[in-house]
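So you can see what is in the structure, the chains are spelled out below.
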Amino acid sequence: MLVTVNGERKEIAAGNLTGLLGEMEFEGRHMAIAVNYRVVPRLRWAKTALNDGDQIEILTPRQGG
Amino acid sequence: MSPVDFYGKQFSSRLLIGTALYPSPAIMQQVIRASGAEIVTVSLRRESSGGRIGNAFWDLIRELGVGVLPNTAGCRSVREAVTTAQLARELFETAWIKLEVIGDDETLQPDLVGLVEAAAVLIKDGFQVFPYCTEDLTVAQRLRDLGCRVIMPWAAPIGSARGIVNRDALKLLRARLPEVALVVDAGLGAPSHAADALELGYDAVLLNTAIAKAGDPVAMAKAFRLAVEAGRAAHQAGLMGARDFASPSTPIVGTPFWHAVS
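Residues numbered from 1 in each chain as written. Chains lettered and ligands numbered in written order. Predicted model: local features only at pLDDT ≥ 70, side-chain atom pairs only at ≥ 80, totals over all residues. Heavy atoms only, no water.

Participant: What is the right way to look at the overall build of chain B in this model?
Facilitator: A tally of helices and strands in chain B yields 9 helices and 10 strands. Dimensions of chain B along its principal axes, counting C-alpha atoms only, are 90 × 40 × 35 Å. Here chain B holds 262 residues, and 52% of them are scored as buried. With the model as given, the accessible surface of chain B reaches about 12100 Å², and the carbon-plus-sulfur share is 53%. Distance from the positive charge centre (25 side chains) to the negative charge centre (27 side chains) of chain B: 2 Å. (Helix = DSSP H or I, 4+ residues; strand = E, 2+ residues; numbered from the N terminus. Buried < 20%, exposed > 50% of the residue type's maximum accessible area, 1.4 Å probe, protein only. Areas by Shrake-Rupley, 256 points an atom, 1.4 Å probe, with all protein chains shown as cover. Lys, Arg positive; Asp, Glu negative; His and termini not counted. Charge placed at Lys NZ, Arg CZ, Asp CG, Glu CD.)

Participant: So what exactly am I meant to see when it comes to the pattern of salt bridges here?
Facilitator: It is possible for side chains of opposite charge to pair when their charged atoms get near one another. All names here are of chain B. Taken as a whole, this structure holds 13 salt bridges over all chains when the rule is applied. The partner of Arg-144 in a salt bridge is Asp-145, and the shortest N-O contact between them spans 3.0 Å. According to the relative accessible area criterion, Asp-145 is exposed, its value standing at 57%. Measuring nitrogen to oxygen at the nearest pair gives 3.7 Å for the salt bridge that ties Glu-229 to Arg-225. Here Arg-225 and Glu-229 lie together in helix H9 (residues 217-237), a separation of 4 residues that amounts to about one turn. Given the relative accessible area of 35%, Arg-225 is considered partly exposed. Through salt bridges that share partners, Lys-98, Glu-100 and Asp-185 make up one connected network. (Salt bridge = Lys/Arg side-chain N within 4 Å of Asp/Glu carboxyl O.)

Participant: Explanation requested: the pairing of strand S4 (residues 39-46) of chain B in the structure shown.
Facilitator: For a regular strand, side-chain orientation follows a simple rule: the groups alternate between the two sheet faces. Most of S4(B) is tucked away: 6 of the 8 residues are buried. Note: strand S5 (residues 55-63) of chain A against S4(B), 5 bridges, orientation antiparallel. Bridging from a neighbouring strand, Thr60(A) pairs with Arg45(B) of S4(B). Looking at chain direction, strand S3 (residues 15-18) of chain B and S4(B) are connected through 2 bridges and run parallel. The residue bridging Ile17(B) from the neighbouring strand is Val40(B), located in S4(B). Looking at chain direction, S4(B) and strand S5 (residues 67-70) of chain B are connected through 4 bridges and run parallel. (Pairing = 2+ DSSP bridges.)

Participant: Would you mind showing me how to read the interface of chain B and chain A here?
Facilitator: At the interface, 31 residues of chain B touch 26 residues of chain A. Summing both sides of the interface, chain B and chain A together bury roughly 2600 Å²; the carbon and sulfur share of this comes to 57%. Run the count over chain B and chain A and you get 3 salt bridges. Glu47(B) serves as the salt-bridge partner of Arg62(A), at 3.2 Å between the closest nitrogen and oxygen. Counting every contact that joins chain B to chain A gives 17 residue pairs in polar contact (both at pLDDT 80 or more). Residue assignment for the side of chain B that touches chain A shows that the elements contributing at least two residues are S4, helix H2 (52-64) and helix H3 (78-92) of chain B. Here the side of chain B that touches chain A is composed, by residue class, of 9 nonpolar, 12 polar and 10 charged. (Contact = heavy atoms within 4.5 Å. Buried area = accessible area lost by both parts, 1.4 Å probe. Polar contact = N/O pair within 3.5 Å; in protein donor to acceptor, adjacent residues only side chain to side chain. Nonpolar A, V, L, I, M, F, W, Y, C, P; charged D, E, K, R; others polar.)

Participant: Please explain the confidence of the model for chain B as it appears in this structure.
Facilitator: Averaged over all residues, the pLDDT of chain B is 95; the fraction at 70 or higher stands at 99%. Scoring the predicted complex yields pTM 0.94 and, for the interface, ipTM 0.94. (pLDDT = per-residue confidence, 0-100.)

Participant: How do you make sense of unusual backbone geometry when you look at a structure like this?
Facilitator: Across residues other than glycine, the phi torsion is negative in most instances, and most of the peptide bonds are trans. Residues and elements named next belong to chain B. Despite not being glycine, Tyr-7 shows a phi value in the positive range, around 50°. Tracing the backbone shows Tyr-7 in the loop between strand S1 (4-6) and strand S2 (9-11). A relative accessible area of 17% places Tyr-7 in the buried class. The phi angle at Ala-186 is positive, at roughly 90°, despite the residue not being glycine. Position of Ala-186 relative to the elements: it lies in the loop between strand S9 (181-185) and helix H7 (191-199).

Structure (structure tokens):
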């Protein structure tokens, strides 16, 4: 299906967020995800089905002022 | 130095610092230690390298054992700011948020209408909001009425190093909002600027660029630490008021040749 991940349109095979993180080779524990501007808690990543056209933001900690 | 209270938590340091723009991660860590800061600001960003950069940064911060204040830097709408705050809560496991809604790209001036709107949404959602605002009194009053116990007006635009530009307005805010913890955030360029804010009765200062871009950031962190302590001590000691006329400090009585008739 075609989704937007961090601003880039992508054809993905994964059907849920845990699958998407694996497909994109994300490592480590510290990330937060929103789908269509709604935060999805970590415990629901495996159960959150993705749909064509979803806008997904995957964010990690960064330096800030 | 008396502790400062942010949402029921007490801190002995009145210097909050940012974690960005340092020459290296090692210098960032040394700066945080030298500054004595107990709270540092962090952000969250998209990452293309599979989370490795963000996780490495977060490990460095956690080694320091300091509190974190996540920001919504770069957000330009209420929706972006609210979602970023919610993501920050999930990521950093804190209800604190430094709320920024940027309204102008040149000055990075906060969008005060959007700020108030976003603060209302986030407070209802259980956040403890640290809003980054200008020195506007009525906006600060609105933020207080919504439930902000901390308010963070700028001294000058972010990264400008100009020090306090609108002194009278900041004094007015302090006088009119005695119950709110006021933090000068942004625009400070020198330790004397930080001392100035504390002397005016501000509870703390938050800065980043002035230390990170100094020739020796670790030495500058120490200088800011001392300035903040001096400013606070001076405020507590009670500063004399300025006068438009001279007043001699050496006694007049007993002045030699006083009223001598020649």
